[in-house]
Amino acid sequence: MPTNNLHAGTPVAKPDRALHGALQVVAMVLGVVSTLMGPYLYFFSVRPADALVPVLVAGLAWSAIFFLRFGYSRYVPHLIVFGILFAAVVGVLTFGSLRSSGVMLFVAGVAVAGVFLERGALLVSVAFTCCAMAVLLWIEKNGWMHAPVMHVTATTVVVYMATVVVVAIVVYYSRQNSHRANAQLLSELEAHRRTEQERDRSQERFARIFRTSPTPMLAQSARDGLILDVNPAFERCYGFTRDQIKGRDDAVLWADSSQRELYLQYLIEKRQVLDFQCKGVRADGTTFDALVCSELGNDPEDKLLISTVTDISVQTLALDKLKQSEERFAKAFNFSPLKMTITRLSDGTFVEVNQARDPVQGMRRQELLGKSTLDTGGWLSPQERQAFIARILREGHVSAYETRMRHADGQLIDAKMWAERIEIDGEDCILSCFVNTTEEKRREAQLMALSSGMAGPVGDALFSALTLHMAQAIGADMVSVGELGTDEHLRTLTVWKDGAPGTNLTVPLEGSPCAVALGQPDLCIFESALAQHFTQHQVITSDGFQAYAGQSLRDEDGTPIGLLNAYWRQPVQLGSEARALIAIFASRANAELVRLHRDREIQRLNAGLERRVHDRTAELQKLNAELDSFAYSVSHDLKSPLRTIDGFTRLLGEQLGGRLQPEEQVLFERVLGATRRMSTLIADLLALARVSQGPLELSAVDLSALANQILQSEQEKYPERALRWQITPGLTCHCDERLARIALENLLGNAVKYTSKRPDPLIELGQLGCETGEPGELFVRDNGVGFDMAQADKLFKPFQRLHMPSEFEGTGIGLATVHRIVERHGGSIRGEAEPGTGATFRFSLCKTPLLRITSQPHVAA
């Protein structure tokens, strides 16, 4: 977005070095020849005045050499030419005729002018020569000159020769200069050709760069500021097409004309403008932040101005946000109530400190700036600072870093530090803030004491720990926990006095602060003059206590049951924290005292309950013994009439012989069957009664061998059946052998009975897996008819059967007998089955682990 005509003035070209050298040679030759000829003509010429011309030419030559030596070479050719012409005029006048050797000087001067002067000066020298010769001729014609000596002398020849030599030298150097000029011209032409080629390539490259650059670019005339061309990026940025903007003034691209004027001023003064920030206008009238860069070349013939425009709206917005963020940070830093500092990471020197009060070191901002954290006590040793630096280099920030600092008064202060690694002006720094945690540490110690006093054991041990930690937490000289007695006395459960356990006391409530504390639910406090209020209290007067705090301990119904007391020998002022701590300790002591009361009550109830259970158990044992004796007596007394009925029925049947009708014979058989079932039922009842009586005779019993014997007997009883059984060998149990046999006979007998309808009956006895040291659990399993688990609750009740008598015979006493035997051994039994797939009975006969010898199971068929 450039300007109007910006070219002002043309620099002066430097003189040709070759011309400068030629001038030096000509001046030197003229100076040497003229200097030699001057004395010669003065001493050997007919007219000594002829020496005047060489003297003039010599002075002229040496002056030219002087000017050339000191760089004043611009008008030296003019000096030489017109000096020679002037000397020629003087020579003609001294000779007295135009036909003298001075005419050769006119020729030499014009020759030198043709070689060294530009066209205008050459014409002036020729005109001067012609005019001078005409004037001299006119003077000579009028006789105003003295009569010349016309004969040729050696002096004349010398003058002619010197003139010819000078002219020859001038012509030679002129020719040499021509050759050099031609060679230089050819070289310049070649360089110009190469330059044009390079220019064409540069123009092509520039054109490509111009067209493909992502930055908007425009070319303008440096004379009038009209836009000559724009690239596609410019079209996208401004919304103008190339045809729309070409030939127009750049003023349409500026939102503020004053910015344009300032830009033009800078461009004229410096011939380039870099990163000029301004507001640009797009084709649709919207404005945007832009950076303009323009440059004019140093060549006066360069009439092109190239400018680039960068849309920095996004950057400006980001910079504004960054500036706002920095302002917010500065405000947050300077006005933060927390003490915040910025230190160099390398040496810990304070770079910036806010104005907040320093709660840790108590130092002002001026006392910290320029000093290091080691000098001000921020770190107690270089090793601590190095550990902190290593952590912040590793993690980038630290939170709640616990450390200790030295206060201005020399005290050590506990503090927590929050720090973040930041960068300021390319240097790593640390932004930190600090919090004084000395009071927090003190509270933590109090809470630890509180926690220690409220945790751990119970009862007297808890009260001892509680009084110890409460005394330490509130600084009391004596702390006690007391229980209220029925005789209006307070009996202490524990006492902590003067840093050691004290002796328990029983003190009357009357005339003591304890009575006041028990009479109110809240904390009772006497902060001073305690002895003046309770002059008759022995503990207060003897130990010199001046302050007291007491909290009553109450039952759930609000009845006072105890008291938590604290005494001081100096007046105190209890703050909110101390009161809260006393309340917490009192709450824990209250809970423990209530628990002790409940435990005592439970112990009394348990003692009464145990007596009642013992008495009831004795009564039940007596009743069970009487019941067993009765059942045994009844069963034994029923046997005799039953045998009589069975005997007389058989005898009657034999006497009647074949006189009985078939129906009568059936009736006789039914009477005999009923007596047999009645006999079996009585036998089972007797067996059930026997297993409940008598002491257990425990011994190691091989259950595997016992089961094999029982199943062999069953096989012999039913030879028509092919029984199979699988018994785990080595099952040894510590039990009563007689009762164990009865139990196995019932279980295995049931298995044989309920597999009678199976073509391939299988009966198993084994042990279930159990943990080491646990009682062993046995099982008896069969593949018989099974039963419905919905009726499993009837299994072990006497006279309860799960199958019809027509299907399987039995009385329903066998499993009840097994249950009674298992219970007498302290074991348990349960049954599991599924109709049609068999049943499994799991039971244990002892509380000690089964002894088992590992071997292959015994299988019989």
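Scoring rules and cut-offs
- Residues numbered from 1 in each chain as written.
- Predicted model: local features only at pLDDT ≥ 70, side-chain atom pairs only at ≥ 80, totals over all residues.
- Heavy atoms only, no water.
- Buried < 20%, exposed > 50% of the residue type's maximum accessible area, 1.4 Å probe, protein only.
- Helix = DSSP H or I, 4+ residues; strand = E, 2+ residues; numbered from the N terminus.
- Pairing = 2+ DSSP bridges.
- pLDDT = per-residue confidence, 0-100.
- Contact = heavy atoms within 4.5 Å.
- Phe/Tyr/Trp six-rings, centres within 6.5 Å; stacked < 30°, edge-to-face > 60°.
- Axes fitted to C-alpha atoms, helices over the stretch in contact; angles between N-to-C directions.
- Polar contact = N/O pair within 3.5 Å; in protein donor to acceptor, adjacent residues only side chain to side chain.
- Left-handed = near helix turned anticlockwise from the far one by under 90°.
- Nonpolar A, V, L, I, M, F, W, Y, C, P; charged D, E, K, R; others polar.
- Parallel < 35°, antiparallel > 145°, perpendicular 65-115°, else oblique.

Caption draft 1: Examining the pairing of strand β22 (residues 778-782) more closely. Counting buried residues along β22, four of its five residues qualify, which places the element largely inside the surrounding structure. Summarising the sheet, strand β21 (residues 762-767) and β22 pair through five bridges and their orientation is antiparallel. By the bridge assignment for β22, Gln767 is matched with Leu778. The sheet contact formed by β22 and strand β24 (residues 838-843) spans five bridges and is antiparallel. Looking at β24, one finds that Leu778 is bridged to Phe843.

Caption draft 2: How the structure looks around unusual backbone geometry. Positive phi values are uncommon outside glycine, yet Ala400 reaches one of about 50°. Assessed through its relative accessible area of 33%, Ala400 is described here as partly exposed. You will see that Ala529, though not glycine, has its phi angle at about 55°, which is positive. Positionally, Ala529 belongs in the loop between β15 (524-526) and α16 (530-533).

Caption draft 3: Highlighting the confidence of the model for the protein. Taken over all residues, the pLDDT of the protein has a mean of 79, while the share at 70 or more is 82%. Here residues 2-15 is modelled with pLDDT under 50, and outside its nearest four sequence neighbours on either side it reaches 34 contacts, counting other chains as well. Between residues 853-858, whose pLDDT stays under 50, and residues either more than four places distant or in other chains, the model counts 13 contacts.

Caption draft 4: View of the packing of aromatic side chains. Summed over all chains, the structure comprises 15 aromatic pairs. An angle of 70° between the planes, with centres 6.3 Å apart, marks the rings of Trp379 and Tyr401 as edge-to-face. Pair noted here: Trp379 is in the loop between α11 (365-368) and α12 (382-395) and Tyr401 is in strand β8 (residues 397-406), with a separation of 22 residues, a long-range link. Ring geometry for Phe526 versus Phe534: centroids 5.3 Å apart, planes at 90°, classification edge-to-face.

Caption draft 5: Region of interest: the sheet that holds strand β1 (residues 217-221). Pairing within the open sheet is antiparallel, and its five strands lie in the order β2-β1-β5-β4-β3. Each edge of the open sheet is held by one strand with a lone partner, namely β2 (227-230) and β3 (272-281). Ignoring strand direction, the axes of neighbouring strands in this sheet form an average angle of 25°. Note: β1 against β2, three bridges, orientation antiparallel.

Caption draft 6: Highlighting the pairing of strand β17 (residues 560-568). With respect to burial, β17 is a largely interior element, eight of its nine residues being buried. Bridge analysis of strand β11 (residues 478-484) against β17 gives six bridges, and the strand direction is antiparallel. Bridge pairing in β17 links Gly482 to Leu563. Of the strand pairs in this sheet, strand β16 (residues 547-554) and β17 are connected by eight bridges, and their pairing is antiparallel.

Caption draft 7: The side chain of Thr467, seen in detail. With respect to the helices and strands, the residue Thr467 is situated in helix α14 (residues 460-474). When its relative accessible area of 0% is taken as the criterion, Thr467 is described as buried. At 2.9 Å, the side chain of Thr467 and the backbone oxygen of Ser464 are in polar contact. The contacts of Thr467, once residues within four sequence positions are left out, are Val479, Ser480, Val481, Thr494 and Trp496.

Caption draft 8: Summary view of the packing of helix α21 (residues 737-754) against helix α22 (residues 814-824). As a packed pair, α21 and α22 sit with axes 9 Å apart at the nearest point and diverge in direction by 145°. Handedness of the crossing formed by α21 with α22: left-handed. Only Gly814, Leu815, Thr817, Val818, Ile821 and Arg824 of α22 make contact with α21, whose side of the interface consists of Leu739, Ile742, Ala743, Asn746, Leu747 and Asn750. Split by residue class, the contact of α21 with α22 holds seven nonpolar, four polar and one charged.

Caption draft 9: Spatial organisation of the packing of helix α20 (residues 703-717) against α21. At their nearest, the axes of α20 and α21 sit 10 Å apart, and the two run at 45° to each other. In terms of their interaxial angle, α20 and α21 are classed as oblique. Taken as a pair, α20 and α21 cross one another with a handedness that is right-handed. Contact with α20, carried on its side by Leu703, Leu706, Ala707, Gln709, Ile710, Leu711 and Glu714, involves Glu737, Ala740, Arg741, Leu744, Glu745, Leu748, Gly749 and Val752 of α21 and no other residues of that element. In terms of residue class, the contact of α20 with α21 is built from nine nonpolar, two polar and four charged.

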